[in-house]
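A structural walkthrough
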Amino acid sequence: AAAVCAGAVASVILCPMEETRIRLVSDPNFAKGLFDGLPRLLKEDGFLSPFGGLPAMLSKQIPYTAAKQVSFDIAAAALYASLGAYAMNNALGVEVSAAFTASVIACIASHPGDVLLTATYQGKKNGTSGFFQTISNIYDNGGVKAYFRGINARFIHVGFI
């Protein structure tokens, strides 16, 4: 529970940076990077603007954190139980294997939230930024499969973290 709460707090802190990142990617002329992009974003859109994506950020971060914590514990316990004494002599391998497994599971659990987060910030730019409207728009443009677009790239990204 503490990890999920920490993830929620981190989401609040990361909202302005995430919106700046998405703006930089979607509009290369917006700014050179975070240090000039964030002040411009706050000046143009207002101080509270970056927090409009908070529900979407939470829909990504909470499933990610919960899935990673729970699946790591389950995978590590299963590996230790199945490998017995061998696992104790190879604890690093067991821990790395459990972490990789947890990363893949966390990817699957949080990817719909990641798609929603990106669409929310892109929608703000296009004038359609409501959280529930964005959910509806994604579904209307591909059904459930639309929430898993780009997951292969995310597997690679998160698998290495």
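See the structure printed just above.
Here's a quick rundown of the structure. (Residues numbered from 1 in each chain as written. Predicted model: local features only at pLDDT ≥ 70, side-chain atom pairs only at ≥ 80, totals over all residues. Heavy atoms only, no water.)

**Considerations on the side chain of Lys 60**
Convention followed: Here a helix means four or more residues in a row that DSSP labels H or I, a strand means two or more in a row labelled E, and each is numbered from the N terminus. Buried, partly exposed and exposed residues are distinguished by accessible area as a fraction of the type maximum, computed with a 1.4 Å probe on protein chains only: under 20%, between the cut-offs, and over 50%, respectively.
Within the secondary structure, Lys 60 sits in helix α3 (residues 54-83). The class of Lys 60 is buried, set by a relative accessible area of 14%.

**What about the pattern of salt bridges?**
So the rule is basically this: Salt bridge, as used here, is a side-chain nitrogen of Lys or Arg placed within 4 Å of a carboxyl oxygen of Asp or Glu.
In this structure the tally under the stated criterion is 6 salt bridges. Between Arg 23 and Glu 19 there is a salt bridge, with the nearest N and O atoms lying 3.6 Å from each other. Of this pair, Arg 23 and Glu 19 both sit in helix α1 (residues 2-26), 4 residues apart, which is roughly one turn of that helix. Both residues of the pair, Arg 23 and Glu 19, belong to the buried class. With its nearest N and O atoms 2.5 Å apart, the salt bridge here joins Arg 40 to Glu 44. In this pair, Arg 40 and Glu 44 both sit in helix α2 (residues 34-45), 4 residues apart, roughly one turn of the helix. On the basis of relative accessibility, which here comes to 33%, the residue Arg 40 falls in the partly exposed class. For Glu 44, a relative accessible area of 45% corresponds to the partly exposed category. Several salt bridges converge on common partners, so that one network encompasses Glu 19, Arg 23 and Asp 45.

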